[in-house]
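# Residue-level structural notes
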Amino acid sequence: MKTDKVAIILGTGPGLGRALALKFSNEGYKVALVSRTKSKLEKIEKEIESLGGEAFIATADITNEKEIKVAFN
């Protein structure tokens, strides 16, 4: 699916963050997932991709400015 729309979800977890990621992906957005725990992000990324969506992951603590800058570069 080709789109210019991107949704960035900070603090993505298995509850609300996952639900939002799936919703945006279903709406045709590429989804960027950011959280401290890579393994949780990878599960959501695989789920989105298995449904035909496109997801990207970055690990970062959203309270740490340096980590957020690295995540978005």
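Residues numbered from 1 in each chain as written. Predicted model: local features only at pLDDT ≥ 70, side-chain atom pairs only at ≥ 80, totals over all residues. Heavy atoms only, no water.

## As for the environment of Gly-13
Here Gly-13 is to be found in the loop between β1 (6-10) and α1 (16-26). For Gly-13, a relative accessible area of 15% corresponds to the buried category. Contact partners of Gly-13, with chain neighbours within four places excluded, come to Arg-18 and Ile-44. (Helix = DSSP H or I, 4+ residues; strand = E, 2+ residues; numbered from the N terminus. Buried < 20%, exposed > 50% of the residue type's maximum accessible area, 1.4 Å probe, protein only. Contact = heavy atoms within 4.5 Å.)

## With respect to the sheet that holds strand β3 (residues 55-59)
An order of β1-β2-β3 is seen for the 3 strands of this open sheet, with the pairing classed as parallel. Unpaired on one side and paired on the other, β1 and β3 mark the two borders of the sheet. Adjacent strand axes in the sheet meet at a mean angle of 15° when their direction is disregarded. Sheet topology places strand β2 (residues 30-35) next to β3; 5 bridges connect them, and they run parallel. Considered in β3, the bridge of Val-31 is made with Ala-55. Its contacts with the sheet put α1 on β1 and β2, and the angle it makes with β1 is roughly 180°. Sitting on the sheet, helix α2 (residues 38-50) touches β2 and β3, and the angle it makes with β3 is about 175°. (Pairing = 2+ DSSP bridges. Axes fitted to C-alpha atoms, helices over the stretch in contact; angles between N-to-C directions.)

## What to know about the nonpolar core
The biggest cluster of nonpolar side chains holds 9 residues, and these are Ile-9, Ala-21, Leu-22, Val-31, Leu-33, Leu-41, Ile-44, Ile-48 and Ala-55. Here the element with the most residues in this core is α2; it accounts for 3 residues. The contact partners of Ile-48, leaving out residues within four places of it in the chain, are Ala-21, Leu-22, Ser-25, Val-31, Leu-33, Gly-53, Glu-54 and Ala-55. (Core = buried A, V, L, I, M, F, W, Y, C linked by side-chain atoms within 4.5 Å.)

## Quick look at the packing of α1 against α2
At a minimum axis distance of 10 Å, the contact between α1 and α2 shows a crossing angle of 25°. In this view, α1 runs roughly parallel relative to α2, as classed from their interaxial angle. The way α1 lies across α2 gives a crossing that is right-handed. Judged by residue contacts, Arg-18, Ala-21, Leu-22 and Ser-25 of α1 engage Ile-44, Glu-47 and Ile-48 from α2. Taken together, the residues that form the contact of α1 with α2 break down as 4 nonpolar, 1 polar and 2 charged. (Parallel < 35°, antiparallel > 145°, perpendicular 65-115°, else oblique. Left-handed = near helix turned anticlockwise from the far one by under 90°. Nonpolar A, V, L, I, M, F, W, Y, C, P; charged D, E, K, R; others polar.)

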